[in-house]
Amino acid sequence: MRIALNQFTSGPDPDKNLALIEDGTRRAAEAGARVVVFPEASMACFGTPLAPVAESLDGPWANAVRALAAAAGIVVVAGMFTPAPEGRVANTLLATGPGVEASYDKIHLYDAFGYAESETVAAGSRIVTIDVDGVRIGLATCYDVRFPELFRAHADAGAVATLLAASWGAGPGKREQWELLVRARALDATVWLAAVDQADPAAGGVVAHPSAPTGIGYSMVVGPDGTVRDSLGAEPGLLFAELDVDEVTAVRQKTSVLANRRLGRAS
């Protein structure tokens, strides 16, 4: 399966960000991708008041993404914000396109490194997978990458890949942690892991909110053996990858970490 990762820098205006998604979707479809993944907070960047921009999954922004996916004949996965109780929002991944209609609300909230996502965002609780051309794929968002049990749950549900959309916080050692964690999650769940981050705003000449997690770039595709197959730098870019389902089977036969688990194994 051919997929595309579109690394860009979103701004505070959902309509302008939609134009970026339209361009990326078109280019991915023209290159033969079956899925294109955009970052967390594609709808509006962090550092923006989220409640005023949040829309329901049947609202105009999500419907516009659906129309783009339908027109291009490709599955689009993009981060948005949907209303939640008590004036908060859900940090939502919308997955839509031919034969696919799903959403995932980020389970693990980024209450770390001096940032408190839970003040404005409500946590999700559902593990979500989608099926594209007979291939099962899990959905995850940013801080989720620090929690291996989610990625193993994807594998237990039959997934051979996970799509991770992120807006990674910058800081000392954060790029190293990003690369280590993405590789580790692929290896300990023996899945393909396609991780797309927001581009580093500075690399594109964008002034970002000084304390919000607005991305560092370095999106990557990691094989089920934990090796990086391809990656981007800090600046905006479009990355293509071929996910070999048979490789997952071969790695799981050789590295039997799922079968050999003694703790947390699905019953």
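Please refer to the structure higher up on the page.
Note that the structure is predicted; figures quoted are calculated from it, not measured. (Residues numbered from 1 in each chain as written. Predicted model: local features only at pLDDT ≥ 70, side-chain atom pairs only at ≥ 80, totals over all residues. Heavy atoms only, no water.)

Peer 1: For the packing of aromatic side chains, give the residues involved together with the corresponding values.
Peer 2: Evaluation of the coordinates by the stated rule reveals 8 aromatic pairs. With a centroid separation of 5.7 Å and 35° between ring planes, the pair formed by Tyr 110 and Tyr 115 is classed as tilted. Relative accessible area serves as the criterion here: at 10%, Tyr 110 is assigned to the buried category. Note on Tyr 115: relative accessible area 21%, which makes it partly exposed. Between Trp 168 and Trp 178 the ring centres are 5.2 Å apart and the planes differ by 50°, which places this aromatic pair in the tilted class. With Trp 168 in the loop between strand E11 (161-166) and helix H4 (174-189) and Trp 178 in helix H4, this pair connects stretches of sequence that are 10 residues apart. (Phe/Tyr/Trp six-rings, centres within 6.5 Å; stacked < 30°, edge-to-face > 60°. Buried < 20%, exposed > 50% of the residue type's maximum accessible area, 1.4 Å probe, protein only. Helix = DSSP H or I, 4+ residues; strand = E, 2+ residues; numbered from the N terminus.)

Peer 1: Before we move on, could you go through the layout of surface pockets and cite the residues and values that matter?
Peer 2: To find the voids left in a structure, one rolls a probe of water-molecule size over its atoms. The calculated volume of the second largest pocket comes to roughly 150 Å³. Looking at the second largest pocket, it is lined by 16 residues, and the ones nearest its centre are Ser 10, Gly 11, Cys 45, Val 206 and Val 207. The residue inventory of the lining of the second largest pocket, partitioned by class, reads 7 nonpolar, 9 polar and no charged. (1 Å grid on protein atoms, 1.4 Å probe; cavity = no way out; pocket = protein on both sides within 12 Å on 5 of 7 lines; lining within 4 Å. Points joined across faces, edges and corners; volume = space filled by probe spheres on them. Nonpolar A, V, L, I, M, F, W, Y, C, P; charged D, E, K, R; others polar.)

Peer 1: Tell me about the side chain of Ser 167, and name the residues and values.
Peer 2: Within the element layout of this structure, Ser 167 appears in the loop between E11 and H4. Of the polar contacts made by the side chain of Ser 167, one reaches the backbone oxygen of Pro 213; its length is 2.7 Å. Those residues in contact with Ser 167 that sit more than four places away from it in its chain are Glu 40, Phe 46, Cys 142, Asp 197, Gln 198, Pro 213, Thr 214 and Gly 215. (Polar contact = N/O pair within 3.5 Å; in protein donor to acceptor, adjacent residues only side chain to side chain. Contact = heavy atoms within 4.5 Å.)

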